[in-house]
Each structure stands twice: as structure tokens, then as C-alpha cells.
Amino acid sequence: MAAFAPDLPAREIARCVRAGDLRAADVVESAFARIDATEPQVRAYLAKDREWAFARAGLVDDRVRGGKPVGPLAGVPVAVKDNICVDTMPCTAASRILEGWTPPYRATVVDRLLEADAIIIGKTNLDEFAMGSSTENSGYFPTRNPWDPSRVPGGSSGGSAAAVAAGSASVALGSDTGGSIRQPASLCGVVGMKPTYGLVSRFGLLAFASSLDQIGPLARDVDDAALVLEAIAGHDPLDSTSLPAAARKPLNGAAADGDGLPAGLRVGVPREYLEASVDEGVRRAVAAALDALRALGATTVDVSLPHTAYGIATYYILATAEASSNLARYDGVHYGRRAPGARDIVDLYSRSRGEGFGAEVKRRIFLGTFVLSSGYYDAYYLKGQRVRALIRDDFEKAFARCDVIAGPTSPVTAFRLGERTADPLKMYAADVFTVAQPLAGIPAISVPCGLADGLPVGLQLAGPPLADSLLLRVARAYESARGRFPGPPS
Amino acid sequence: MKIDAALVDHLAALSRLALDAAEKARLAAELGAILEAVEKVNELDLEGVEPMVFPVPIENVFREDEPRGFCLERERALEGAPERTAEGFRVPRVLSEGA
């Protein structure tokens, strides 16, 4: 096997491949060797494509040999969450309703990865249609946390987080609607970032809640996350909600802006986060991270996000409403599963959907249909939209007093499989610190900040709209002060 | 709020979800508990608060009506269809006899 590579930073892989010191084909070979070694236990992948990966790697190696330029992710093995379309691989969103479907097009983020000469090695497991916080809602199988296979990797991007933690992908793409990148990153001890809404194109992402969904990177460190985000960010004419190019600052350059924290950085600590129910080990690790930020020269300031306690209620009203509409497209007519023997067209829709969707998806379609239905719309949906405005205003007021907001990503470390599946409300409670940022449209990043009883804890940093490069810089400064974060025990 | 069988049937029809009796019973119980939790928003005085629809200011995007960039050919679009004809998606009867 090649001298490698799953454990090298992505930027190192790209640098070595560009310099001709490492062949992309050897990188891919070692990535698949790692997949073979870890997958029987972790099960992070729903699909893999060795042949395509080697073909792409060959093209990159040919260009290097020919003295031609290669992209910033040259030869980097990337895993893509299976709700993002790649036109050469099946795409299921972990739902039985899409079993066997290969999309006729690919997502803009996938085009951008390929333009950057990344090697897409497979599609990762998730909670069905990204609805869940543990990857146990996958219609195929649960993914296990590489730190402890009796525990969940978090969700919904649990496969992406587990693959990066296990070293079976160098970096990965996830999607975040209410914490689905940051929470699994926290539980698996990797970096995960939800960018500002509109920074990254959603074209080719199977929509869950369109006003919240955002694609972002998972990586083993902040610089790798920045490298991937830089590659995928930018305006896309195919997604009219993607922000104009002028709105965005260079992200990968954030690291080059200067080392360490910006002078006089004010870190807001919301008092509601301190009052919330948080595991003692998580509380300790996050407090130590705040100490580290102060030691780097930051000032911590007391701020308030008074509507924190209403976040989950608001999120589950609005996200399910949008989902009930978005998932109407899975109808047994255009693609995916069709139930046999239907009497008429409505029967065909209902039976195909009844057979194809899992319990959590049905639950959310039901709730979303209810809050949008005649007679309940004003009492639930409209109210949810009003509270959403209050949550956004909370952040606006807090950011008048601070530059970034810090706290835990998740109130708990990785929980055991089956521990929360019986009670949906208990599962939803895992999202307490991660639903408000998508509601406000602001960026947030989770960075590993220590262990509690041998399991990773994530520090979450959130910033105002388009403060993505500032967040990366602060996260990177914290990461340097923290030192190397251990990988999962092998 | 109490979720009765009639409301569950109504929502199942609106959602186009065929559910068996056990699923309906479970959904009725779960929906009741979830609604009780989300009704927390009723504690707030929302008088005069503008509903927030979208996280960033957006405006309509206009352009000339001509093909450009992404274009999905019919044959490619039909490839994933569970049942198809030469040029379309095949579905069972939409209108009943005599309609």
C-alpha cells in the first residue's frame, strides 16, 4: 500500500499530488483499503464507486505528469452525503422510496468538487431524508460511531462524520437543516460547518426544508474544512437563493488573514446556554475551551438569546411544514418506488408513499401537513414564522455586543443506539443548540474541544451572516491552542 | 390538542399516505405529544411581530426565456420512471369511468 494518506490532511494530499510526490491513484487505493478495514464495523457508506474513483485519479495523475495544472483538492478522497446528487451513483437519501434510483444530473457542489480535482469515493448514510439526529432513521442500516460502536455517530450527516472520523474519507460533504452537520461532527470528534444560508448552492440537494437547508464540509481540522468550503461556495444561477458572488469573502484565505485571533475579539456566551440542561463533561470541556479563547486574547461577554427555549418548537413547526411540501414529489410516478396494484392515481401516490417512507418521515410529513392545514395554519405555521423573526432578532442584538457566540454544539456526547428512538421528543431535544442558527440563516461551526468519558465534545461558534471567514479564523486559532485532537481508539 | 381518528384520516388523505391501523394509532398519540410540545410558542406575545419567511433578503430573478445551462433531455428524465411509455410517465386511470 502507498505511503499515505487517509491520515494526511487533505491540503497535504493535494500538495503532494500536485508536486508529483504522491499519486492520486495511490491515495484512492489507500482510502479504499481504509474503507475495507473500517466499514464492517462503522457502516458509513451507502454506495462506493472504486472504478470511477480510480478513473478520476488516473486523469489527475496524467495531468500532473503532463505538467498541467491541477485543482486545490487534487487527489483528495471525498465522501458525499447520500442526499446530494451524483449522476454516476445511486442516490437514496437513505429512503426505501428511492431505492435503486440514479439521478439524471448532479449537484453544483459535486461539479465544483470535480473541478477542484477531488475524488468522490462514495455516498454516505444519513437519517432518511436528513430527518434525525442519530442516523438510526436510515431506511437501510444504522451507522456506528468510530469512537464506540455501541453509540450513534449523531445525525443526520452521521455517515459523513463517521467516515471522516474513521479515516475512510479525507473530508466529506453534509447538509445541515437543524444541526445535521454540526451535531454529528461534535459526536464524532471532527470539524463540521454550516455556512451562511445562500453561500453554497443547493442545486442537486434533495430538499428537506428549503429555507433552512445548507450544504457544508466535515473535516478533521479547520483548514481542511475551509479548503472544501472555498471549493464549493459561490453563486449558482441554478439556485436563485444562492448569494451573489459579491457578497462573499474568500474563505480559504481566512487562515492567511493572520494567525491567531483578531485583536479585541469579543466572544459572547449566552446565559441561556449556561442555564440549559447540559452534561457535566460537556460543560467542563466547553468551559475549558472558553478559557483557551481568553488566553488567546479574546474577551468573553455575557449575552442573552431570550428565545432559545422556543427554538425546537419553532424549528419543528417550520421544518416539517416545508418538508411536507418538498416530499410531495416522491409520488411513485417520476422516479423511485411504485406500489403495485393501485386502483387509481391517488391510490398509487398513497400506497407508494406509505410503503416507501419510514416512521420518522411519515411523522414529520404528518406534523407539517397539520400545521399548514386549513384551520391550523395561523395557530401554528404563522406563529412559527413570527417566533423565527424573534430568534433572528435575538442574534442581531447579541452580535451588537460580540463578534462570535460560543457554546456547546450538543448538550450530550454520543448516546447509545436505541437510547432515544422510542420517544421522538427526546431525540428532538438533542438539537437544542443547533436549530436557532439555520432559523436565523447564520453560519456556525463545531470544533472538537475535548473528551468527556472518552467521547468527543464539540465547541460551537456562531457568527453574523457572512462571518464565515471570521468563524474559520477563530476556530483555527482555538484549534492551534488546543493542540492535536486524538482520533478514535483503534 | 386531542388528535382523534377523524383528524388522522383527514391528515393521511391530505398527505397521500396509506397507513395501517397500528400506524394511525401511533401517529395519533405521537402527534398529540409533539403538538403539546410545539404549543410552547403560545406562551409568547407575538402581537405586531412580522412573520419571517426566509433567512436572507431575496428578490425574484428574471431572465430572458431561452434555454441555457442546465437542460434535462426527455429520455434522461424518463430513465428513472417506474413505468413509462415511449414519451411519458405511465400512470393508472386518473378519471373514473364515465367521467
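Values in this document were obtained by computation on a predicted structure and should not be read as measured data.

Further remarks concern the overall build of chain B. When helices and strands are tallied, chain B shows three helices and zero strands. Reading the secondary structure of chain B in the N-to-C direction produces α-α-α. A compact globule built from 99 residues would reach a C-alpha radius of gyration of about 13 Å, whereas chain B, at 23 Å, exceeds it by more than 25%. Principal-axis analysis of the C-alpha atoms gives chain B an extent of 55 × 45 × 30 Å. Out of the 99 residues belonging to chain B, those deemed buried represent 27%.

Our next topic: the pattern of salt bridges. A complete count under the given rule lists 35 salt bridges over all chains for this structure. We note a salt bridge from Arg 106 of chain A to Asp 111 of chain A, for which the minimum N-O separation is 2.6 Å. Under the relative-accessibility criterion, Arg 106 of chain A is labelled partly exposed at 28%. Asp 111 of chain A gets classed as partly exposed once you look at its relative accessible area, which sits at 27%. As a salt-bridge pair, Glu 75 of chain B and Arg 84 of chain B come within 2.8 Å of each other at their nearest N and O atoms. With relative accessibility at 43%, the residue Glu 75 of chain B sits in the partly exposed group. Residue class for Arg 84 of chain B comes out partly exposed when judged on its relative accessible area of 31%. The structure contains a network of salt bridges with shared partners spanning Glu 360, Arg 363 and Arg 364 of chain A together with Arg 26 and Glu 30 of chain B.

As for its position among the elements, Cys 91 of chain A is in the loop between strand 2 (77-81) and helix 4 (108-115). Discounting chain neighbours no more than four positions away, the residues touching Cys 91 of chain A are Asp 82, Asn 83, Ile 84, Cys 85, Leu 98, Trp 101, Pro 103, Lys 123 and Leu 206 of chain A.

Once that is clear, we can look at the packing of aromatic side chains. All names here are of chain A. Inspection of the entire model under this criterion finds 16 aromatic pairs over all chains. Between Phe 32 and Phe 54, the aromatic rings sit 6.3 Å apart at their centres with planes inclined by 25°, giving stacked as the arrangement. Of this pair, Phe 32 sits in helix 2 (residues 24-42) while Phe 54 is found in helix 3 (residues 50-65), placing the two residues 22 residues apart along the sequence. On the accessibility criterion, Phe 54 (33% relative accessible area) is partly exposed. Aromatic rings pair up to connect Trp 101, Phe 129, Tyr 330, Tyr 335 and Phe 357 into one cluster. When the ring centre of Phe 141 is taken as origin, the NZ or CZ atom of Arg 43, which lies over that ring, is 3.8 Å away.

Residue and element names in this part refer to chain A. Along the chain, Gly 155 connects to Ser 156 via a cis peptide bond; the corresponding omega equals 10°. Examined against the element boundaries, Ser 156 turns out to sit in the loop between strand 3 (119-124) and helix 5 (158-166). Phi angles above zero are rare outside glycine, and Thr 135 is one such case at about 65°. Tracing the sequence through the fold places Thr 135 in the loop between strand 3 and helix 5.

All names here are of chain A. For helix 5, a buried count of nine out of nine residues is recorded, marking the element as mostly surrounded by other parts of the structure. Every buried residue of helix 5 is accounted for by Gly 158, Gly 159, Ser 160, Ala 161, Ala 162, Ala 163, Val 164, Ala 165 and Ala 166. Once helix 5 ends, the next one or two residues include Gly 167, with phi positive near 80°.

Interface size is commonly expressed as the accessible area that is lost once the parts come together. Counting residues at the interface gives 51 residues for chain B, matched by 65 residues for chain A. Here chain B packs against chain A, burying approximately 5,100 Å² in sum over the two surfaces, 74% of which is carbon and sulfur. When the area that chain B buries against chain A is broken down by residue, the three leading residues are Arg 16, Ile 34 and Met 52 of chain B, summing to 13%. Linking chain B with chain A are three salt bridges, by the criterion used here.

Together, Leu 238 of chain A together with Phe 70 and Leu 72 of chain B line one region of the surface with nonpolar side chains, adding up to about 240 Å² of accessible area. Counting through the fold element by element, Phe 70 of chain B comes out in the loop between helix 2 (21-38) and helix 3 (74-78). Looking at Phe 70 of chain B, the relative accessible area reads 36%, which means it is partly exposed.

Another point: the sheet that holds strand 11 (residues 455-462) of chain A. Residue and element names in this part refer to chain A. Pairing in this open sheet of 11 strands is mixed, and the strands run 1-3-2-4-6-5-10-11-9-7-8 from one edge to the other. The outermost strands of the open sheet, each flanked by one partner alone, are strand 1 (45-48) and strand 8 (299-303). Averaged over all neighbouring strand pairs, the angle between strand axes comes to 30°, with direction disregarded. Across the sheet, helix 3 lies against strand 1 and strand 3, angled at about 155° from strand 3, the strand it touches most. Sitting on the sheet, helix 17 (residues 468-482) touches strand 5 (191-194), strand 9 (404-408), strand 10 (444-452) and strand 11, and the angle it makes with strand 10 is about 15°.

On to the packing of helix 2 of chain A against helix 3 of chain A. Residue and element names in this part refer to chain A. The N-to-C vectors of helix 2 and helix 3 enclose an angle of 155°; their axes lie 8 Å apart at closest approach. By the angle between their directions, the pair helix 2 and helix 3 is classed as roughly antiparallel. Within the contact between the two elements, helix 2 uses Ala 24, Ala 25, Val 28, Glu 29, Phe 32 and Asp 36 and helix 3 uses Arg 50, Ala 53, Phe 54, Ala 57, Val 60 and Asp 61.

A word on the pairing of strand 4 (residues 171-176) of chain A. All names here are of chain A. The element strand 4 is extensively covered by neighbouring structure, given that six of its six residues are classed as buried. Side chains Val 171, Leu 173 and Ser 175 project from strand 4 onto one buried face, and the interleaved Ala 172, Gly 174 and Asp 176 project onto a second face that is buried too. Strand direction decides the pairing type here: strand 2 and strand 4, joined by three bridges, are parallel. If you follow Val 80 over to strand 4, its bridge partner there is Leu 173. As judged from the six bridges shared by strand 4 and strand 6 (residues 214-219), these two strands associate in the antiparallel manner. Residue pairing in the sheet places Val 171 in a bridge with Ala 219 of strand 6.

Our next topic: the confidence of the model for chain B. Residue and element names in this part refer to chain B. For chain B, the mean per-residue pLDDT works out to 90, and 96% of the residues sit at or above 70. Within chain B, helix 3 has the poorest average pLDDT of any element, 93, and helix 1 (residues 5-15) the best, 96. In the predicted complex, the global pTM is 0.97; the interface-specific ipTM is 0.94.

Another aspect to go through is the pairing of strand 11 of chain A. All names here are of chain A. Of all eight residues in strand 11, eight are buried; the element is thus mostly enclosed. Inspection of the sheet shows strand 10 paired to strand 11 by eight bridges, in the antiparallel sense. In the sheet register, Ala 444 faces strand 11, and the bridge partner there is Ala 462. With antiparallel pairing between neighbouring strands as the criterion, strand 10 and strand 11 make up a hairpin whose turn holds two residues, including Asp 453 at a positive phi of roughly 50°.

All names here are of chain A. Among the residues of helix 1 (residues 10-19), those classed as buried are Ala 10, Ile 13, Ala 14, Cys 16 and Val 17. One side of helix 1 carries all its buried residues, which in axial view fall inside an arc of 165°. Tucked into the core, helix 1 has its buried residues touching helix 2, helix 3, strand 2, strand 4 and helix 7 (222-232). Backbone geometry just downstream of helix 1 places Gly 20 in the positive-phi region, at approximately 80°.

Definitions and cut-offs
- Residues numbered from 1 in each chain as written.
- Chains lettered and ligands numbered in written order.
- Predicted model: local features only at pLDDT ≥ 70, side-chain atom pairs only at ≥ 80, totals over all residues.
- Heavy atoms only, no water.
- Helix = DSSP H or I, 4+ residues; strand = E, 2+ residues; numbered from the N terminus.
- Rg over C-alpha atoms; globule rule 2.2 N^0.38 Å.
- Buried < 20%, exposed > 50% of the residue type's maximum accessible area, 1.4 Å probe, protein only.
- Salt bridge = Lys/Arg side-chain N within 4 Å of Asp/Glu carboxyl O.
- Contact = heavy atoms within 4.5 Å.
- Phe/Tyr/Trp six-rings, centres within 6.5 Å; stacked < 30°, edge-to-face > 60°.
- Lys NZ or Arg CZ within 6 Å of the ring centre and 35° of its normal.
- Buried area = accessible area lost by both parts, 1.4 Å probe.
- Patch = residues over 30% accessible without salt bridge, like charges linked within 9 Å, V, L, I, M, F, W, Y side chains within 5 Å.
- Areas by Shrake-Rupley, 256 points an atom, 1.4 Å probe, with all protein chains shown as cover.
- Pairing = 2+ DSSP bridges.
- Axes fitted to C-alpha atoms, helices over the stretch in contact; angles between N-to-C directions.
- Parallel < 35°, antiparallel > 145°, perpendicular 65-115°, else oblique.
- pLDDT = per-residue confidence, 0-100.
- Arc of directions from axis to C-beta.

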